[in-house]
Structure formats: structure tokens, C-alpha cells
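So the chains spell out like this:
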Amino acid sequence: MEAVGKAARRAKVNAVGTMKTGVPLKVRIDEQIEEIDSVSEAADFLQRWPLERRGHVYRSALNACSAAIAAQISEADAMKVFTGFARVTGILVAESGPAMTLEARTVQSRMPKQGRQAPK
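Here's what I pulled together on the structure shown here. (Residues numbered from 1 in each chain as written. Predicted model: local features only at pLDDT ≥ 70, side-chain atom pairs only at ≥ 80, totals over all residues. Heavy atoms only, no water.)

**What to know about the packing of aromatic side chains**
Link 1 in the chain: Inspection of every chain in the model, using the stated rule, returns 5 aromatic pairs.
Link 2 in the chain: Ring centres of Trp49 and Phe85 lie 5.1 Å apart, and the angle between their planes is 75 degrees; this geometry places the pair in the edge-to-face category. Placement of the pair is Trp49 in the loop between helix H2 (39-47) and helix H3 (56-69) and Phe85 in helix H4 (residues 75-89), with a sequence separation of 36 residues. With respect to class, Trp49 is no different from Phe85; both count as buried.
Link 3 in the chain: A ring pair is formed by Phe82 and Phe85, whose centres lie 5.8 Å apart and whose planes are at 40 degrees; its orientation type is tilted. Taken together, the residues Phe82 and Phe85, both in helix H4 and 3 residues apart, mark about one turn of the helix.
Link 4 in the chain: On the basis of relative accessibility, which here comes to 0%, the residue Phe82 falls in the buried class.
Link 5 in the chain: Counting every residue linked through ring pairs, the aromatic cluster contains Phe45, Trp49, Tyr58, Phe82 and Phe85. (Phe/Tyr/Trp six-rings, centres within 6.5 Å; stacked < 30°, edge-to-face > 60°. Helix = DSSP H or I, 4+ residues; strand = E, 2+ residues; numbered from the N terminus. Buried < 20%, exposed > 50% of the residue type's maximum accessible area, 1.4 Å probe, protein only.)

Shown next as C-alpha cells:
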């Protein structure tokens, strides 16, 4: 229980959805790096995301941020979903430098392994 108390004291909470995580998440968009360190900042960032790039990963991140602001899920869980969004879209900046990029998946990586049957 003492560890929970220390963590609560370290976090700075202004209002629901604004809990500072302590370690900002860095994302790069249009050659500028932004630091996201609260659910409300993540939601604001998502509102500025280009319409043509909004897909199911975007919607998941926005829904998670909205749910955390409404206290339906934890802010930590919402930030995990937002981090996944940043990673998948290739905007997540690694601590040591440039944005992380994902390599395109091959058809083989989406096929079942030998000996396994595809789900019906």
C-alpha cells in the first residue's frame, strides 16, 4: 500500500484527464516534436490529426482518451492506447532520437504458421 501512496504523491493531478505521467511521450508531426504528458493533451493532439489519416487505430486512441476523461478507464490504460497509436502511425519519437518507423508487414507474416489451420 505504501508504494501506491508514493505514486499518488508523485503524480500531479489538476482535474480528471490531466494527470501528469512524469515521462512525456514525444511524437513528431510535420517535423516538429510535441510532448504529450496527459490524457487531455493526447485527446487535443488527436483532434488535430488529419481527417484523411483517421482510421480504426485513431478511433481506438480517441475513444480511450475520452473514456479516461470520463473516468471510465484508467489514464494509464488510455496512454498505453495512445502510445500504440503513435507507434503504429510512425510518429513516436524514441528517447535517443528520430521517430520510430514500422516496416510493412509481408503477406507471409499474416498467414498461419505451418501446421496450424486458419480460423473458420
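Let us keep going from here.
**Let's talk about the packing of H2 against H4**
Link 1 in the chain: Put simply, H2 and H4 touch, their axes get as near as 10 Å, and they point 35 degrees apart. The element H2 and its partner H4 pack so that their crossing is left-handed. Contacts from Val39, Ala42, Phe45 and Leu46 in H2 reach Glu75, Ala78, Met79, Phe82 and Phe85 in H4.
Link 2 in the chain: Here the residues of the contact of H2 with H4 sort into 8 nonpolar, no polar and 1 charged. (Axes fitted to C-alpha atoms, helices over the stretch in contact; angles between N-to-C directions. Left-handed = near helix turned anticlockwise from the far one by under 90°. Contact = heavy atoms within 4.5 Å. Nonpolar A, V, L, I, M, F, W, Y, C, P; charged D, E, K, R; others polar.)

**Quick word on the packing of H3 against H4**
Link 1 in the chain: Contact geometry for H3 and H4: axes closest at 8 Å, N-to-C directions at 160 degrees. By the criterion of interaxial angle, the relationship of H3 to H4 is roughly antiparallel. In the crossing of H3 with H4, the sense of the turn from one axis to the other is left-handed. Residues Val57, Tyr58, Ser60, Ala61, Ala64, Cys65 and Ala68 of H3 touch H4, and the partners they reach there are Glu75, Ala78, Val81, Phe82, Phe85 and Val88.
Link 2 in the chain: Residue composition of the contact of H3 with H4, grouped by class: 11 nonpolar, 1 polar and 1 charged. (Parallel < 35°, antiparallel > 145°, perpendicular 65-115°, else oblique.)

**So, the pattern of salt bridges**
A pair can form between side chains of opposite charge whenever their charged atoms are brought close.
Link 1 in the chain: Summed over all chains, the structure comprises 1 salt bridge.
Link 2 in the chain: Measuring nitrogen to oxygen at the nearest pair gives 2.7 Å for the salt bridge that ties Glu34 to Arg48. With a gap of 14 residues between them, Glu34 in strand E2 (residues 32-36) and Arg48 in the loop between H2 and H3 connect regions that are remote in the sequence. (Salt bridge = Lys/Arg side-chain N within 4 Å of Asp/Glu carboxyl O.)

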